[in-house]
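Residues per chain, in single letters:
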Amino acid sequence: MRIDLEHRPALDLDTAEGVNEANIHVRLEGSVDWERVRALAPRVERFDIHFPKFADGRGFSIAARLREDIKFQGEVSASGHLIPDQARMLTRVGFDSVAPNSNPEDPAWKKGLTTFSEVYQPSNDRRSTALEKRTLAAKQALVDSLNKRLRGAPADEILREATRLFKGRIATLSSFGAEAGVSLHLVSQVAPDTPVLFLDTERHFDKTLKYRDQLSEHLGLTNIVNILPDADEAAEDDSDNRLWQRDTDACCDLRKVRPLDRALKGYDALITGRKRFHSATRMSLPPFELLDGVIRVNPLIDWDRDQVLSYFEEHDIPEHPMKAEGYPSIGCWPCTQPVAEGEDIRAGRWAGSEKTECGIHFSAKSKVA
Amino acid sequence: MYQYDEIDETLVRERVAEFRDQVKRRITGELSEDAFKPLRLQNGVYLQLHAYMLRVAIPYGTLSADQMQALGEIARDYDRGYGHFTTRQNIQYNWPRLVDIPDILDKLAGVGMHAIQTSGNCVRNTTTDPYAGAAADEVADPRPWCELIRQWSTFHPEFSFLPRKFKIAVVASKADRAAIQVHDIGLRLKTNAAGALGFEVFAGGGQGRTPRLAVKLNDYVIAEDLLAYITAILRVYNLAGRRDNKYKARIKILVEETGPEAFTAEVEAEFAKLQGGDLTLPAEEIARVSNFFTPPPVETRGFDLKAQSQAFQIWAERSVKAHKTEGWASVLISLKPVGKVPGDATAEQIFAMAEIARQYGLNELRVTKEQNIVLPHIPQADLPAVYEALRAANLHADNGGLVTDIISCPGLDYCNLANARSIPIAQAISNRLSETGLDREAGELTLNISGCINACGHHHIANIGLLGVDKRGEEFYQLTLGGAANENAAIGRIVGPGLSGEQVPQAIEDVVRTFIAHRQDGESFNTTLARIGLDPFKEAVYAH
Amino acid sequence: MLAITANRLDDGRVVYRTPLGAWSAHLSEAELFETAAAAEDVLKLALSEEGVVVDPYTMDVEAGVPGGKKRIRETIRNTGPSASTVLELNA
């Protein structure tokens, strides 16, 4: 939160309603008429909430409502009689700046922002709460103990333990690509009712979609969940269906990362088919990992190419038709090429660019950093 | 009981550091009194008649033996050797030096305690049944929910500058041992038809100048929505509560002026927006916090009450309470020995209680709103040993629940707000009723005294209430009858003109005698009063 | 008569302003004024001593002891709680 030395002018609500301009600055004070504020909000660049006395804490709830209820994205500033002790509260409820009546240069204002390194309540500053940290720590402890116990264990044992432990709150993620048959077969043996999440990017090869239907029927999987991109987001970000040409990352984000984030809300754990031999970036993977609060279960992590091939043979699993055409890893059609003998299995994905992963196996936080 | 983790501890330590800095700036003159006062008032530090007063939070009245020990050490090292347990299940020190308070807070932090939000217009310490986790009639232990409320309310960014202070009480049984109906929010834990925990939610109760019983907002809010629901209440109150008049700023006035139906509708509309959001309590978190509060295992050692001394049996009748687990009992320690100071305990007595809890009571103690102490978990087989240990510390008063178990605020002997003294009046009444034997004859009966209209002594909700008033420089006492703090909560009615301090003991004797003369078998005071009306009492009191 | 009283900043104890401008724990050492007007200038001075005392004000004194409407309150401030403390009673 910025501490302003001077107070910037703003219109009162009556005046603001009378002018026809956009990007106006409006001052709110005392009891607020929310219907009028809601109507005005689209034209407002900044709401300034005035505190007549520091002890009058209405402004904190006014800011909270602007952010949570009106979903106001512009600047929210505080002005009036405020004390440095309130700095942390202002920033937490959603203020961007404050112009206190007296002593804006008091170092206590800056200091007040960092008084507490932990918070209990979820609020509009999106700071990670005690509850979130504790939940994460508990999940990490579980992941650590599972890795200790099951590192190197057979795939079906890992899968059995995971589906038992997270019963009703575990799903499997499948691309229905070249190797998908292995983990799906294992799932069908251990818990065939496990939801199978398929990220339907609307850019898949037709052969993949057909394979999806054929394989799931063959294996007797009863719970295939087709996950589409959000229609509004797609219309917004990719109206010409050419996003993949301009920005592959943005395309993956729209069609894979965000849909999966939404779909995962209902699950504690997610089974993947990832294997260490796939690429250099996956060499250190353990069977269990924690990613943005969801536990990833990688039962096939130790498998090599030969094991995969012989598993297909042994269990008579239908193969993806494109495998024979030289595609060992199959994604969306714009970004998948065949791979030459001796190359990394995933070398044909985003070939010619530095991109190696679509992002669904990365932490949201690591992408920001 | 709940154990602090690193997060809780960090916050408390950071608060101490912040307050230490504030005190330093005040002493060096960097902060004026006007600037400092609101800061110290956010941390339980008042300036009273003789000295500063420090109020320490005892979350939902639950203490470990080590915490109790630390409270005694503070009384010994920084005060004058005693402390005062309050009607809000906290403790107050009457004599700390301002310059020592940061060190006291450091010491408290060492045992996971603090003075956070024990004053100021914020959400105060949540109170509950002192027998929580031990009472046979509870649906579930209410304390996990109190702890979740404690964390939610601590340093709440939106609700630290409310129109006025805000008090929440929680019970988990039909019997109300936390006076939820006279709280800003009262919560009763219950189960629905499917057996899922939830809360009956009341709001708008309170004492003070305009005593009001709370109205029911919702008959059942599912437990996971608890924080969303109370956030909705607080947000409506913070936005609409009156700020023009300190005496009309509590939520009870807003509920009354808005009307219970309209107020409820506003809360429900706000709740609809918050429900299902970030405030929803995950099952794992509820389980994590609940796991801190587990009842003791069955005790197999036997106990024969009949084989005990008569003194023990008399004490036990008033002091030993049934426990939900076989072989266990709860013990009430009355801090109201006849003629003494209600709610006060010396450092030595505090040490003794800590030691008894350590030795016999699973390290746990409770503070009650009646200003007594409870040992919630005592094996029945150890009751005689506990009794002897209490006797050795002069803590064996056997008047729990009797009329001499008087609730009293510190009054004009200590308090800057008081209009009249409370403690000497309590002492005189206690002596009179004990000497005459009327206390035992009357049986269960409540008598509370407040030294001013702020009603810290809960006089409105006593069968017999006394309110100290100032009439042209003299102390007078207004007598009310018929109040109750339990599930049949009621506000007492004024009997007649104020009485001088000298007249009070006789007047109380008259009231008690009238009750005894008129009651029909087993009747409570309020039942008798409802049947015969105020007049017989009025006549008895004002006949002199 | 009037005296000026306050609570000391560092420990909160009751003090009275002496003729030399110091603060004493004893009412007997307080400077006495005939009227509020006479006390006004000294009270202003006292009010400016924020680093020493908190909230000074004038109180009535009659025959060397607290008097007037606030007699009971000021007597208790002067001599301590009128009720015996738990130390004397419960020990």
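None of these values were measured; they are calculated from a predicted model. (Residues numbered from 1 in each chain as written. Chains lettered and ligands numbered in written order. Predicted model: local features only at pLDDT ≥ 70, side-chain atom pairs only at ≥ 80, totals over all residues.)

A. Representation of the overall build of chain B. Each helix and strand counted, chain B has 17 helices and 21 strands in total. By its C-alpha atoms, chain B is 60 × 60 × 60 Å across when sized along the principal axes. Every one of the 544 residues in chain B was classed for burial, and the buried ones make up 59%. Here the analysis covers contacts within chain B between residues at least 6 apart in sequence; of these, 68% occur between residues at least 24 apart. (Helix = DSSP H or I, 4+ residues; strand = E, 2+ residues; numbered from the N terminus. Buried ≥ 20, exposed ≤ 12 C-beta atoms within 10 Å, placed from the backbone. Contact = placed C-beta atoms within 7 Å.)

B. Examining the overall build of chain C more closely. Across its full length, chain C holds three helices and five strands. Seen in sequence order, chain C has helices and strands lined up from the N terminus as β-β-β-α-β-β-α-α. The principal-axis extents of the C-alpha atoms in chain C amount to approximately 50 × 30 × 20 Å. Put simply, of all contacts in chain C between residues at least 6 apart along the chain, 49% involve residues at least 24 apart.

C. A look at the environment of D230(A). Residues and elements named next belong to chain A. In this structure, D230 sits in the loop between β9 (224-227) and α10 (231-237). The exposure class of D230 is partly exposed, given the 14 C-beta atoms found within 10 Å. Sequence separation of D230 and L254 is 24 residues, and the distance between their C-alpha atoms is 8.0 Å. For D230, the contacting residues outside a window of four places in its chain are R258 and P259.

D. Fine view of the interface of chain A and chain B. Counting from both sides, the interface comprises 25 residues of chain A and, opposite them, 28 residues of chain B. Elements that contribute at least two residues to the side of chain A that touches chain B include exactly α3 (58-68), α4 (87-93) and α6 (130-150) of chain A. Within the side of chain A that touches chain B, the residues separate by chemical class into 10 nonpolar, eight polar and seven charged. (Nonpolar A, V, L, I, M, F, W, Y, C, P; charged D, E, K, R; others polar.)

E. Looking closely at the domain arrangement of chain B. Residues and elements named next belong to chain B. If you check the domain split of chain B, you get domain 1 (6-110), domain 2 (142-290), domain 3 (306-392) and domain 4 (407-542). Distance from the C-alpha centre of domain 1 to the C-alpha centre of domain 3: 27 Å. Facing the 21 residues of domain 1 at the interface are 20 residues of domain 3. Of all the elements in the fold, those that place two or more residues in the side of domain 1 that touches domain 3 are β3 (62-64), α3 (65-78) and β4 (82-85). A total of seven residues in the side of domain 1 that touches domain 3 trace back to one element, the largest contributor, which is α3. Looking at the side of domain 1 that touches domain 3 residue by residue, the classes come out as eight nonpolar, 11 polar and two charged. (Domains from an automatic or database assignment.)

F. Spatial organisation of the sheet that holds strand β2 (residues 11-12) of chain A. Residues and elements named next belong to chain A. One open sheet accounts for six strands, arranged β1-β6-β5-β4-β3-β2; its pairing is parallel. Each having just a single partner strand, β1 (2-3) and β2 make up the two edges of the open sheet. Judged from the two bridges that link them, β2 and strand β3 (residues 24-29) form a sheet pairing that is parallel. Along β3, the bridge assignment pairs L11 with V26. On top of the sheet, α3 reaches β3, β4 (44-51) and β5 (75-80); it is set at about 160° to β4, its chief contact. (Pairing = 2+ DSSP bridges. Axes fitted to C-alpha atoms, helices over the stretch in contact; angles between N-to-C directions.)

G. Looking closely at the packing of helix α13 (residues 423-435) of chain B against helix α15 (residues 504-518) of chain B. All names here are of chain B. Their axes nearest at 9 Å, the elements α13 and α15 cross at an angle of 45°. The orientation of α13 with respect to α15, classified from their angle, is oblique. The crossing of α13 and α15 is right-handed. Contacts between α13 and α15 involve I425, A428, I429, R432 and L433 from the first element and V504, P505, I508, E509 and V512 from the second. Looking at side-chain class alone, the contact of α13 with α15 contains eight nonpolar, no polar and two charged residues. (Parallel < 35°, antiparallel > 145°, perpendicular 65-115°, else oblique. Left-handed = near helix turned anticlockwise from the far one by under 90°.)

H. Here's a closer look at the environment of L239(B). Its place among the elements puts L239(B) in helix α6 (residues 226-240). Among the residues examined, L239(B) registers 23 C-beta atoms within 10 Å and is labelled buried. When the C-alpha atoms of L239(B) and L499(B) are compared, they prove to be 42 Å apart, with 260 residues separating the residues in sequence. Setting aside anything within four residues of it in sequence, one finds L239(B) in contact with S31(A), R58(A) and S61(A).

I. Spatial organisation of helix α12 (residues 248-263) of chain A. Residue and element names in this part refer to chain A. The end-to-end C-alpha distance of α12 is 22 Å, a good match for the 22 Å that 16 residues give at a rise of 1.5 Å each. Roughly 40° is the biggest bend found in α12, and it falls at L254. Looking at the buried side of α12, the elements it contacts are β8 (196-199), β9, α10 and α11 (243-246). (Expected span 1.5 Å × (residues − 1). Bend = angle between axes of the 7 residues up to and from the residue.)

J. Up close: the nonpolar core. Grouped together as the largest cluster of nonpolar side chains are 221 residues, with contacts concentrated most on A203(B), I233(B), M353(B) and V511(B). Take this core: its biggest share by element is 11 residues, from α6(B). Ignoring any residue separated from it by four or fewer positions in sequence, one finds V511(B) in contact with I464(B), L481(B), F537(B), A540(B) and V541(B). Counting 36 residues, the second-largest nonpolar core is a separate cluster that includes V182(A), L199(A), W303(A) and V308(A). (Core = buried A, V, L, I, M, F, W, Y, C linked by C-beta atoms within 7 Å.)

K. Geometry of the sheet that holds strand β7 (residues 168-171) of chain B. Residue and element names in this part refer to chain B. Here we have five strands laid out as an open sheet, ordered β6-β7-β8-β9-β10, and mixed in their pairing. Where the open sheet ends on each side, the last strands, each with one partner, are β6 (127-128) and β10 (215-222). With two bridges connecting them, β6 and β7 associate as parallel partners. Across the sheet, T127 pairs through a bridge with A169, a residue of β7.

L. Layout of α6(A). Taking 1.5 Å as the rise per residue, α6(A) with 21 residues should run 30 Å; its terminal C-alpha atoms sit 30 Å apart, in good agreement. Of all the residues in α6(A), the buried ones are A130(A), L131(A), V143(A) and L146(A). Taken together, the buried residues of α6(A) touch β11 (288-291) and β12 (294-297) of chain A together with α1 (6-27), α5 (143-153) and α9 (283-290) of chain B. Once α6(A) finishes, G152(A) follows within two positions and takes phi at roughly 85°, a positive value.

M. Representation of the interface of chain B and chain C in the model. Each side of the interface is counted separately: chain B has 32 residues, and chain C has 27 residues. Secondary-structure elements contributing two or more residues to the side of chain B that touches chain C are β13 (344-346) and α13 of chain B. Of the residues belonging to the side of chain B that touches chain C, the class tally is 15 nonpolar, nine polar and eight charged.

N. Representation of unusual backbone geometry in the model. Phi is positive for N23(A), which is not a glycine, with a value near 55°. Here N23(A) is to be found in the loop between α1 (13-18) and β3. What makes N23(A) exposed here is the crowd of 9 C-beta atoms within 10 Å. At Y60(B), a position not held by glycine, the phi torsion is positive, near 40°. Along the chain, Y60(B) falls in the loop between β2 (52-56) and β3. By C-beta crowding, Y60(B) is classed as buried, having 29 other C-beta atoms within 10 Å.

O. Just the confidence of the model for chain C, in detail. Averaged over chain C, the pLDDT score is 92; the fraction of residues at 70 or greater is 91%. Interface scoring of the predicted complex returns ipTM 0.94; its pTM is 0.90. (pLDDT = per-residue confidence, 0-100.)

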